[in-house]
Amino acid sequence: MVPGDAGSSPAMRAGGGSAPPSTPPEKVGTDAPPLDRLRPAPPPPADHAADAVWGAAAMAPARERLHRDHGGMRLHQILFNLAEIQVRRGEEGFRWDGEGWWGGDVNRLVLKSEGEARFGRVAEAAEVQLLYSRAIGPYHDLQAGVRQDLGAGVRRTYASIGIEGLAPYWFETEGTVFVSDKGDVLARAEAWYDQRITQRLVLQPRVELNLAAQNVPEQRIGEGLSTAELGLRLRYEIRREFAPYVGVAWDRKVGITADYARADGIARGRVAAVFGVRGWL
Amino acid sequence: MTFRRRDILKIGSAGALTACWPGWAAAVSPGLPAAPPTVNGTDIELRIAHQMLRIGRREMHAIGVNGTVPGPLVRLREGQDVRLTVINDLPDEDTSIHWHGVLLPFQMDGVPGISFPGIKAGSRFTYRFPIRQSGTYWYHSHSGLQEQMGHYGPIVIDPAGADPIGYDREHVVVLSDHSPMHPHTIFERLKQQGGYFNYQKQTLAGQIAGRDQGPAERRRWGKMRMDPTDISDVTGSTYTYLVNGRGPADGWTGLFRPGERVRLRFVNAAAMTIFNVRIPGLRMLVVAADGLPVRPVEVDEFQIANAETYDVIVVPSEERAFGLVAEAIDRSGMAFGTLAPRPGMPAIAPPLRHRPLATMRDMGMDMAAMDPDMIDMSSMHMEMRDRRNAPALPLGPGIQTISPMPADRTDEPGQGLADVGGKVLVYTDLIATDRNPDRRAPSRKLEIHLTGNMERYMWAFDGRKLSEVKDPIPFTAGERVRITLINDTMMNHPIHLHGHFFELVTGHGDHAPRKHTVNVQPGGMLTFDLTADAVGDWAFHCHMLYHMHAGMMQVVSVRPAAAA
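Once that is clear, we can look at the overall build of chain A. What chain A contains, in helices and strands, is 3 helices and 13 strands. The C-alpha radius of gyration computed for chain A amounts to 31 Å, which surpasses the reference 19 Å derived for 281 residues by more than 25%, pointing to a less compact arrangement than a globule. Each principal axis of the C-alpha distribution contributes one length, and for chain A these read about 100 × 50 × 35 Å. Here chain A, with 281 residues, has 42% of them falling under the buried criterion. The contacts of chain A with a sequence gap of at least 6 include a subset with a gap of at least 24, amounting to 43%. Working note: accessible area of chain A is about 14500 Å², and carbon and sulfur atoms make up 62% of it. For chain A, the distance from the average position of its 35 positive side-chain charges to the average position of its 36 negative side-chain charges is 2 Å.

The next point concerns the overall build of chain B. When helices and strands are tallied, chain B shows 5 helices and 32 strands. Here chain B has a C-alpha radius of gyration of 23 Å; the compact-globule value for 564 residues is 24 Å, and the two agree. With respect to the principal axes defined by its C-alpha atoms, chain B has extents near 70 × 65 × 45 Å. For chain B, the residues scored as buried account for 66% of the 564 residues in total. Accessible surface, chain B: about 18200 Å² in total, of which carbon and sulfur atoms supply 52%. Here chain B carries 58 positive and 61 negative side-chain charges, and the mean point of each set is 3 Å from the other.

Residue and element names in this part refer to chain B. In this structure, Ala288 sits in strand 15 (residues 284–289). A relative accessible area of 1% means that Ala288 is categorised as buried. Residues Ala288 and Leu430, 142 residues apart in the sequence, show an inter-C-alpha distance of 8.7 Å. If we ignore the near neighbours within four places in the chain, the residues touching Ala288 are Ile165, Pro293, Val294, Thr309, Tyr310 and Asp311.

Residues and elements named next belong to chain B. Here Thr126 is to be found in strand 7 (residues 124–130). A residue is classified by how much of its surface remains accessible, and Thr126, at 19% relative accessible area, is buried. At 2.9 Å, the side chain of Thr126 forms a polar contact with the side chain of Thr85. Once residues lying within four places of it in the same chain are set aside, the contact partners of Thr126 are Arg83, Leu84, Thr85 and Met108.

Residues and elements named next belong to chain B. With an omega dihedral of -5°, the bond running from Val69 to Pro70 counts as a cis peptide bond. By the secondary structure assignment, Pro70 is in the loop between strand 3 (58–65) and strand 4 (74–77). A positive phi angle is found at Asp212, which is not glycine, with a value near 60°. Locating Asp212 in the fold gives a position in the loop between helix 3 (204–208) and helix 4 (215–224). Looking at Asp212, the relative accessible area reads 26%, which means it is partly exposed. In this structure, Asn244 is a non-glycine residue whose phi angle is positive, near 50°. Looking at where Asn244 falls in the secondary structure, it is placed in the loop between strand 11 (240–243) and strand 12 (252–255).

What follows is about helix 4 of chain B. Residues and elements named next belong to chain B. Regarding helix 4, the residues found buried are Arg218, Trp221, Gly222 and Met224. Projected down its long axis, helix 4 shows its buried positions confined to an angular sector of 160°, all on one face. When the buried face of helix 4 is taken as reference, the exposed residues oriented beyond 90 degrees from it are Ala216, Arg219 and Lys223. Turning to helix 4, the residues buried within the fold contact helix 3. In the stretch just after helix 4, Arg225 is the one whose phi turns positive, near 60°.

What follows covers the nonpolar core. All names here are of chain B. The biggest cluster of nonpolar side chains holds 141 residues, and the ones touching the most others in it are Trp99 and Tyr127. Discounting chain neighbours no more than four positions away, the residues touching Tyr127 are Val82, Arg83, Leu84, Val86, Ser96, Ile97, Trp99, Met108, Gly110, Phe116 and Ile119. In this structure, Trp24, Ala25, Leu32 and Tyr152 belong to the second largest nonpolar core, which totals 18 residues.

This part covers the interface of chain A and chain B. Contact with chain A, which involves 70 residues of that partner, is made by 95 residues of chain B. Arg559(B) is the salt-bridge partner of Asp47(A), the closest N and O atoms lying 3.1 Å from each other. Where chain A meets chain B, there are 37 residue pairs in polar contact (both at pLDDT 80 or more). Counting only elements with at least two residues in the side of chain A that touches chain B, the list comes to helix 1 (51–54), helix 2 (56–69), strand 1 (75–88), strand 5 (140–149), strand 6 (157–167) and strand 9 (195–196) of chain A. Broken down by element, the side of chain A that touches chain B gets its largest block of residues, 7 residues, from helix 2 of chain A. Across the side of chain A that touches chain B, the residue classes break down as 41 nonpolar, 16 polar and 13 charged.

Below, the discussion takes up the side chain of Lys465(B). Position of Lys465(B) among the secondary structure elements: in the loop between strand 23 (458–461) and strand 24 (473–476). A relative accessible area of 7% means that Lys465(B) is categorised as buried. Polar side-chain contacts of Lys465(B) include one of 2.7 Å to the side chain of Asp105(A). Once you skip the residues sitting within four places of it in the chain, Lys465(B) turns out to touch His70(A), Gly71(A), Asp105(A), Trp459(B), Ala460(B), Ala550(B) and Gly551(B).

For the rest of this paragraph, the subject is the packing of aromatic side chains. This structure, assessed with the given rule, holds 23 aromatic pairs over all chains. Pairing Phe187(B) with Tyr546(B) gives two aromatic rings, centres 6.2 Å apart and planes at 25°, and the pair type is stacked. Here the residue Phe187(B) occupies a position in helix 2 (residues 183–192), and Tyr546(B) occupies one in helix 5 (residues 545–550), the gap between them amounting to 359 residues. The two residues Phe187(B) and Tyr546(B) agree in class, both being buried. By the ring-pair criterion, three or more aromatic residues cluster together here, those being Trp54(A), Trp99(B), Phe116(B), Phe125(B), Tyr127(B), Phe129(B) and Tyr139(B).

Residue and element names in this part refer to chain B. Ordered in space as 3-2-5-7, the 4 strands form an open sheet in which the pairing is mixed. Both outer strands of the open sheet, strand 3 and strand 7, are each paired with one neighbouring strand and no more. Within this sheet the neighbouring strands show an average axis-to-axis angle of 25°, counted without direction. One ladder, built from 8 bridges, connects strand 2 (residues 43–55) with strand 3; its direction is antiparallel. Looking at strand 3, one finds that Arg54 is bridged to Glu59.

About the criteria used
- Residues numbered from 1 in each chain as written.
- Chains lettered and ligands numbered in written order.
- Predicted model: local features only at pLDDT ≥ 70, side-chain atom pairs only at ≥ 80, totals over all residues.
- Heavy atoms only, no water.
- Helix = DSSP H or I, 4+ residues; strand = E, 2+ residues; numbered from the N terminus.
- Rg over C-alpha atoms; globule rule 2.2 N^0.38 Å.
- Buried < 20%, exposed > 50% of the residue type's maximum accessible area, 1.4 Å probe, protein only.
- Contact = heavy atoms within 4.5 Å.
- Areas by Shrake-Rupley, 256 points an atom, 1.4 Å probe, with all protein chains shown as cover.
- Lys, Arg positive; Asp, Glu negative; His and termini not counted.
- Charge placed at Lys NZ, Arg CZ, Asp CG, Glu CD.
- Polar contact = N/O pair within 3.5 Å; in protein donor to acceptor, adjacent residues only side chain to side chain.
- Arc of directions from axis to C-beta.
- Core = buried A, V, L, I, M, F, W, Y, C linked by side-chain atoms within 4.5 Å.
- Salt bridge = Lys/Arg side-chain N within 4 Å of Asp/Glu carboxyl O.
- Nonpolar A, V, L, I, M, F, W, Y, C, P; charged D, E, K, R; others polar.
- Phe/Tyr/Trp six-rings, centres within 6.5 Å; stacked < 30°, edge-to-face > 60°.
- Pairing = 2+ DSSP bridges.
- Axes fitted to C-alpha atoms, helices over the stretch in contact; angles between N-to-C directions.

Everything listed here is a matter of geometry and, on its own, says nothing about what the molecule does.
If you want it as C-alpha cells, here you go:
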C-alpha cells in the first residue's frame, strides 16, 4: 500500500515458514537482531528544515510559540482550604487559611494568608506570606520569603522558609520556620487528609501546631509547643472548586503559652462549630 | 439522500452553514457510495470557523471545518495530486491542519513551528502533495487545543487499483470526545488538582461495601501516592462521547442489508479518550490498522487509542439493529451508534461495565509475571523511583516513577480488557499483508522514556518538556533504528511519529504491522523499527492532547548522511 512495497519484490525466500525444517529459520525483518556494530546517533542538525522553505523570519515566532505551548505555560490558582464562621458560646468569629500561586511547573510565586477574628474587631491573629516556591521533588516544594503579621498586638516581620507537599498515604503537609526581625525563631507544622466517603462527600481531619524556640512575652508566646489546633470538617463537593462544609474546631494554648493566657485571664482552650466553604479558582 | 463529496464542498464554499453534520455522517447514513467518484477536482477547500454544536439537548461551542463537526470526509485516490486550501475564519487565532498518517513532504505536514509557520487568522494556506498510499486516515488541527473543540475529520484514500479489502458497503465511524468546558480550562484544572475529573475514585463507602481494593492493598497504594482509579485524566464527568459528531442520545445509524459485508472505518479523533469498541452480536474482522491492510483477525472487541484507525468488516445476517458500542477506557461513558437494516430501528445500549483498577503491572513492577530463574535480586532495583533504573534521566519534579521492570505488553489486551470475555485484539495479532519495504537489521538502537508526574500534571519524553528541549532527536536519512519506548507512568500513552510508518517488533519478521501511532501500555514497553526515510523535521508526541500540551513532544530531524 505504501511505495517501496508495491508487491514487486522477488519471491519471499526469507519468509520464516518457508525455511527447511532441518535448519533454524533465518530471522528476518523485525525478528532480526540489531547489527553487531551499532552506529552512533548523528549529531543534531544545526538548521531547522522549515527555515529553508518558509524563511527563518517566518518560522522563528512560530517555533517560539511551539515551545511555549508545549510545557511552558504559566498558570495560577487561588485556594481557600478554610473560609469559615466559627460559633462558640457567646462569641462568633471567622477563620481563614488560603494560598494563591502563579507560575510554571517548577518556579512559582506564592501568597499565603491565615488568621482569625471576631466580628467587628481587629483580627486576633492574621498574617500574610509572600514566597518564592520551587519544586524540589515529585511531591514537594521548597518555599522561602517573608511573613508579615497584621493582627492585634505586636506586628512582626519574619523571614520564612518551609516545605509543602504530599506525604505518603496522601497527607497534605506543610512545615515552616520563621525568624522574626527581633531574632525570635518560630515554627509551624500543618497537615490534613481528605477521606473520601463518597465521590463528593469528604471528611477532612486537620492539625496545626505552632512552636517557638524561646519565650516571646510581648507576643504571649512561650517556648516549646505553643498552640495546637485540631479540626474535623465534612464537605460536599458541589463542584471540586466549591464545597460547603460543617465541622468542629478545637484549639488550645499549651505550656508556657497557656501560662501567659491564664495570667491574662484568657481561656486556654476552646471549641467551635464551624460552617464554611472550601473553594478555589 | 446521499451527499456526494462535491455537495459537501459546495456547502463549504458557499458558506451556507446550515447543516450541523457532514453528509457522510448524516443521522441515518446509507453508507458511502459503493464506488466513490475519482476526485476530478483536485482542489478542496476547508474553512475553519467557530460554530455551535448540538449534542443531545445542549448547544456547545465548537470549532468546525466547513460548518460541521467532524469536518467533511476528504476522499482521495492513490496516485493523484491534491491541493487543499485551508481558510482560517477564526477571528483571532492561528490554525493548521495536520494530515495524520499521510506521507508527504515535511513542509506540508501542518505543524506550526516545525513544518510551517501556521495559518494566521483571516488568511489561507494551500497544501499541495501527491497521494502515495491508500487507507483510512484523518486530519486535525495542530494549533493550541483546537482539536478538542471539533477541528478534525476523516480521510479515506482509495487504492489506485482494486481494493484488496472486499466489501459491499462502508461507513466511516469517527469517535471523539467533546466538553462544554473550554479546553484551556480543562488543562488548568488538571494542573490545579490531580484527579479533578475522576468521579470513580475509591471511597470509604465503597470499602464498607467490599468494592475495589481491600484495606491492605489500599494502604500499599496510598503509601506510594498512587491512585489505581486514575485511568483517564479527563472523563465522562465533562465529556460527551461522540460517534460522527453525535452523542449517545442523538442516534447515529449506519444502514446495511442483511448478508452484506460492511466495512467500518474507525478513527479515534478524541483528545483524551481511548475507546473499547464492540458490536454485541457481531464479530468483527479487523482488516486494516492505521490505514494499512493486515491479515484478517476476527475479534469481539478492540481497543482504539487516540489517533489510531482500524478498518473492520462485519457481516450482519439478521434483520435487526445492532448497537455500536465505544466505551471510554475508564467506563465513565460511551459513544453509541446503531447499525440497522432500516432507519428508526433502535438498538439497546448495554450498561457501562465496571471501571478497571490499575495494577502493579501498570507501574512496571509485576514480579509475579517474571520467570523466577531470571530474577537476579542483586542487580534489580525495585524502588519506584530509582536512578539506577534509568541513569540518563534528569530525576526532577517531572518524574514521579521509573518503571523498575517494564514488560513488553504488546501481547496483552488493553487496560481493563483482560477479563471481559471473548477475543480482544492485541498488537501481536496484527500481521501486515504486504511484505515490509525495509527488511534490514537495525544499525542503531534508541531508548526513549515516557515520563510524568500525575500530581503536578507534568508529561515529557526522557523527563524534558518540549519547552526545555533545544535539540531535535536526530536521524540520518535512510538509517534503520530500533526504538524502544519505556512507559515510566501509570497512564496509557499513544505515541505518534509524523511523516513515517514504523514496524512493530512483535515477532512477525518481515510482515510486521506498520503504524503511525502506537499505544504504550502503563508501565510497559514497546519496540519498533523505523526507517528514517523522510528528510525534514517532524513532530513526535503523545496523542493525549493535554499530555502533549504539557510538554510530551519533541522534534525528530532526518538529514542526509552527507550533511550529518
